[in-house]
Amino acid sequence: AAENISKILYPEDSTPQGKALRLEQQYFFVAASIQDAIRVFYPGEENPDLTTFPSKICFQLNDTHPVIGIPELMRVLIDEYGYDWDTAWSITNKSFNYTCHTLLPEALEVWPAKLIGELLPRHLEIINKINEQFVAELGTKTSDSAKIDRMRIVTDGEDPQVHMAYLATYGGSHVNGVAALHSQLLKDVTLRDFSDVYGDKFTNVTNGVTPRRFIRIANPRLSALITEGLGTDRWLSDLDMLEGLVPLAKDDEFVKKFAAVKQANKVAFSNYAKREYDFDIDPNTMVNSMIKRLHEYKRQSLKILSVISQYADIKSGKVSADDILPRTVVFGAKAAPGYKMAKLTIQLINNVARVVNNDPDVKGKLAVYYPWNYNIRLAQHLIPATDLDEQISQAGKEASGTGNMKFALNGAMTVGTLDGANVEIRERVGAENFFLFGMTVDEVEALYAKGYEPKSYYEADPRLKQAVDMVAGGTFSEGDKGLYEPLVTDWLNKDYFMTLADFSAYMDIQGEIETLYREPLEWSRKALLNVANSGFFSSDRAIDDYLRDIWETGPLGE
Ligand SMILES: *Cc1c(COP(=O)(O)O)cnc(C)c1O
């Protein structure tokens, strides 16, 4: 049944048939939503006055997937309700806003005009007219013709392409990114030309997560302790109140209760993992989690290479038994069905887990688990039990992240790069309560410009060389040197996301992490300060930001 979901509901989009199905799905949901909005807000009216549409309704385009809604609303207004183009455009423009969720250019959808024309000929006609109007408007705003060319919604030439992010930016009133750094990079890089011309449209809404699901339901023990500490449960709908826990971080008795909650959660997770997956997780080890979609930019490779290096060090006796901090590493991830490199990384992690967990030399010191079918239910069990979470994307690639927020609010310590909302989390919880490592956005850009050679990092750090050589040499493929060849070749020759360049810094910070973990009271104090200072990352605050800055309406009842 799960296979059918990927085949039919969320198909691989690497084939033309898959692409066409995606567009059909996007159009289906968008057309239904627009009809529904008219039905709900103009009930029983045969000739509704749709000029009032933007005062009643706002479509917040959640990434580029529903952007076909812009030409669809134009079509409905013009073809079905008889409005002229300019009136329809004014209504449409005021009704849409666009939230961008990425910085990866390949994730900003670009549809071949030919494909749109085959499925939705009227929409292509409307998109072309929007593009003509746009190019003419740009001509009144700038004389830079190269810039106008770069900004075209429909590219010129043989096989024209439709830039859905550009259509969304021009077609709506506001554009926002989902973390401060992300919104800045949108303006400076991804949509730079647009922010030059339409600067007023751009704003930021840092993401948030709901405290009802991710604290109250997921972590009842911590919820009870927070309520005890604050003397009220009103924090559940006013998460800034968590700041009231800051003074309690000085109270050793409270910090010990907080540590006891984490320990109880680890025992509960161990039982859950035994029941659901038949895993034998030792709740007296550090629980170190990396759960998120499998993608090269998120760098699960960096984590597994470090695990391999730790495995090698323990096995070779390089670290003495007394110096080993017992660790359980848990990965959770799904990959898009057509994403070959991600699938191979999943295979590698599972094979590392098999080898490590069956090696008597490292028993009780290092264990690796990959629970299958990673989903929100597993997340709700694992996050409250995690001591250390991994937010190690290449700087400048993670738009926001929300896993990072869930972990901070559940009293995990984070090891992370200066990327996405990590930046704001670190600012709020304090640099001394966050394990920062790795290159910055500027350093990444400088290294691309200079010419990045991953092999030089492989040659320079013997820990890295050993880990890569073990993968290449068949340690995790029963001697088969061919299986991981595509991964190894990529690491050594391309490594677009600079996993190898950040490896040494990542390994070095493990020392700091383990030193702190050996001081349980100090670790827990810092983890508690993460909880106390993360109230900003509530989805309630994010929705307030949308209400105030984008939808320009107050909350209900005001
Ligand atoms: C929160 C969450 C995510 C997002 O995680 P990131 O670490 O921010 O990428 C993905 N999947 C599930 C099931 C989640 O709960």
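Keep in mind that what you see is a predicted model, and the values were worked out from it rather than measured.

1. Digging into the sheet that holds strand β1 (residues 59-62)
Then comes step 1: Pairing in this open sheet of four strands is parallel, and the strands run β1-β2-β5-β6 from one edge to the other. Of all strands in the sheet, those with a lone pairing partner are β1 and β6 (202-204), marking the two edges. Neighbour-to-neighbour, the strand axes of the sheet open up by a mean angle of 25°, direction not taken into account.
Then comes step 2: As paired elements, β1 and strand β2 (residues 96-99) share four bridges and run parallel to each other. Its bridge partner lying in β2, Asn62 is registered against Thr99.

2. Considering the domain arrangement of the chain
Then comes step 1: Domain annotation for the chain reports domain 1 (4-204) and domain 2 (211-452 + 481-534).
Then comes step 2: Each of domain 1 and domain 2 has a C-alpha centre, and these two points are 37 Å apart.
Then comes step 3: With twelve residues of domain 1 at the contact, the number on the domain 2 side is 16 residues.
Then comes step 4: Interface of domain 1 and domain 2: buried area, both sides summed, is about 1,000 Å²; carbon and sulfur atoms make up 73% of it.
Then comes step 5: The largest per-residue losses of area from domain 1 upon contact with domain 2 belong to Glu12, Leu104 and Leu181, which jointly make up 45% of the total buried on that side.
Then comes step 6: Applying the counting criterion to the domain 1 and domain 2 interface returns zero salt bridges.
Then comes step 7: On inspection of domain 1 and its partner domain 2, the count reaches two residue pairs in polar contact (both at pLDDT 80 or more).
Then comes step 8: Here the side of domain 1 that touches domain 2 is built from residues that sort into eight nonpolar, three polar and one charged.

3. Observations concerning the pairing of strand β7 (residues 286-291)
Then comes step 1: Most of β7 is tucked away, with six of its six residues classed as buried.
Then comes step 2: Along β7, one buried face is formed by Met286, Asn288 and Met290 and the opposite face, lined by Val287, Ser289 and Ile291, is buried too.
Then comes step 3: Pairing geometry for β7 and strand β8 (residues 327-332), over six bridges, is parallel. Bridging across to β8, Ser289 finds its partner in Val330.
Then comes step 4: In this fold, β7 hands off to helix α15 (residues 300-316), which returns the chain to β8; that crossover is right-handed.
Then comes step 5: Sheet topology note: the β7/strand β10 (residues 388-391) ladder contains two bridges and is parallel. Residue Asn288 lies in a different strand from β10, and its bridge partner there is Leu388.

4. Focus on the site of the ligand
Then comes step 1: Around the ligand, the neighbouring residues are Ile291, Lys292, Lys298, Tyr374, Asn375, Ile376, Gly401, Thr402, Gly403 and Lys406.
Then comes step 2: Taking Gly403, its main chain carries an N or O atom lying 2.9 Å from an oxygen atom of the ligand.
Then comes step 3: Across the complex, the protein chains shield 79% of the 390 Å² of accessible surface that the ligand would expose by itself.
Then comes step 4: Here the residues of the shell around the ligand are counted per class, giving three nonpolar, four polar and three charged.

5. Points about the nonpolar core
Then comes step 1: Core analysis: the largest hydrophobic core is formed by 102 residues, its most contacted members being Leu245, Leu348, Phe435, Phe476, Trp491 and Trp523.
Then comes step 2: By residue number, the principal contributor to this core is helix α16 (residues 340-357), which donates ten residues.
Then comes step 3: Two domains each donate at least three residues to this core, and these are domain 1 (4-204) and domain 2 (211-452 + 481-534).
Then comes step 4: If you look at the next biggest cluster of nonpolar residues, it comprises 60 residues, including Phe96, Leu120, Phe134 and Leu138.

6. Re the packing of helix α2 (residues 16-41) against helix α4 (residues 69-80)
Then comes step 1: One can describe the packing of α2 onto α4 by two numbers: an axis separation of 10 Å at closest approach and a directional angle of 45°. By the angle between their directions, the pair α2 and α4 is classed as oblique. You can see that α2 and α4 cross each other, and the crossing is right-handed. Residue-level contacts link Tyr27, Val30, Ala31, Ile34 and Ile38 of α2 to Gly69, Glu72, Leu73, Arg75 and Val76 of α4.
Then comes step 2: Across the contact of α2 with α4, the residue classes break down as seven nonpolar, one polar and two charged.

7. Some words on unusual backbone geometry
Then comes step 1: For Asp278, which is not a glycine, the phi torsion comes out positive at approximately 60°.
Then comes step 2: As for its placement among the helices and strands, Asp278 is situated in the loop between α14 (252-277) and β7.
Then comes step 3: The phi dihedral of Met498 is positive, around 60°, even though this residue is not glycine.
Then comes step 4: Take Met498: it is sitting in the loop between α23 (485-493) and α24 (499-517).

8. A short note on the pattern of salt bridges
Note that side chains of opposite charge can pair when their charged atoms are close.
Then comes step 1: All chains considered together, the criterion is met by 31 salt bridges.
Then comes step 2: Here Arg525 ties to Glu522 by a salt bridge, and the two come within 3.1 Å at their closest N and O atoms. Linking Arg525 with Glu522, this pair stays in helix α25 (residues 520-532), spanning three residues, or about one helical turn.
Then comes step 3: Residue Glu522 is classed as partly exposed on the basis of its relative accessible area of 32%.

9. Observations concerning the environment of Leu382
Then comes step 1: Among the secondary structure elements, Leu382 is positioned in helix α17 (residues 376-382).
Then comes step 2: When its relative accessible area of 0% is taken as the criterion, Leu382 is described as buried.
Then comes step 3: In this structure, the C-alpha to C-alpha distance between Leu382 and Gln133, residues 249 residues apart in sequence, is 52 Å.
Then comes step 4: Not counting residues within four places of it along the chain, the set of residues in contact with Leu382 comprises Phe269, Val287, Ser289, Ile291 and Val330.

10. Description of the side chain of Gln310
Then comes step 1: As for its placement among the helices and strands, Gln310 is situated in helix α15.
Then comes step 2: The exposure class of Gln310 is buried, given its relative accessible area of 14%.
Then comes step 3: With near-sequence residues (within four places) excluded, Gln310 lies in contact with Arg327, Leu366, Gln510 and Glu514.

11. Looking at the pairing of β2
Looking down a regular strand, the side chains alternate between one sheet face and the other.
Then comes step 1: Burial of β2 is two-sided: the residues Phe96 and Tyr98 facing one way and the residues Asn97 and Thr99 facing the other way are all buried.
Then comes step 2: Relative to strand β5 (residues 175-177), β2 runs parallel, the two being bridged by two bridges. Pairing of Tyr98 across the sheet is with Val175, part of β5.

12. Quick word on the sheet that holds strand β9 (residues 366-369)
Then comes step 1: What the six strands build is an open sheet, ordered β9-β8-β7-β10-β11-β12; its pairing is parallel. Single-partner strands in this sheet number two, and they are β9 and β12 (435-436).

13. Focus: α25
Then comes step 1: Between its first and last C-alpha, α25 extends 18 Å over 13 residues, near the 18 Å set by a 1.5 Å rise per residue.
Then comes step 2: Within the sequence span of α25, burial applies to Trp523, Ser524, Arg525, Ala527, Leu528, Leu529, Asn530, Val531 and Ala532.

14. Some words on the environment of Ala107
Then comes step 1: Note that Ala107 resides in the loop between β2 and β3 (110-112).
Then comes step 2: Ala107 gets classed as partly exposed once you look at its relative accessible area, which sits at 33%.
Then comes step 3: Through-space distance from the C-alpha of Ala107 to that of Ser456 is 30 Å; in sequence the pair is 349 residues apart.
Then comes step 4: Apart from residues no more than four positions distant in its own chain, Ala107 is found in contact with Thr64 and Thr102.

Cut-offs applied
- Residues numbered from 1 in each chain as written.
- Predicted model: local features only at pLDDT ≥ 70, side-chain atom pairs only at ≥ 80, totals over all residues.
- Heavy atoms only, no water.
- Pairing = 2+ DSSP bridges.
- Helix = DSSP H or I, 4+ residues; strand = E, 2+ residues; numbered from the N terminus.
- Axes fitted to C-alpha atoms, helices over the stretch in contact; angles between N-to-C directions.
- Domains from an automatic or database assignment.
- Contact = heavy atoms within 4.5 Å.
- Buried area = accessible area lost by both parts, 1.4 Å probe.
- Salt bridge = Lys/Arg side-chain N within 4 Å of Asp/Glu carboxyl O.
- Polar contact = N/O pair within 3.5 Å; in protein donor to acceptor, adjacent residues only side chain to side chain.
- Nonpolar A, V, L, I, M, F, W, Y, C, P; charged D, E, K, R; others polar.
- Buried < 20%, exposed > 50% of the residue type's maximum accessible area, 1.4 Å probe, protein only.
- Right-handed = clockwise from strand over helix to strand, strands pointing away.
- Near = heavy atom within 4 Å.
- Areas by Shrake-Rupley, 256 points an atom, 1.4 Å probe, with all protein chains shown as cover.
- Core = buried A, V, L, I, M, F, W, Y, C linked by side-chain atoms within 4.5 Å.
- Parallel < 35°, antiparallel > 145°, perpendicular 65-115°, else oblique.
- Left-handed = near helix turned anticlockwise from the far one by under 90°.
- Expected span 1.5 Å × (residues − 1).

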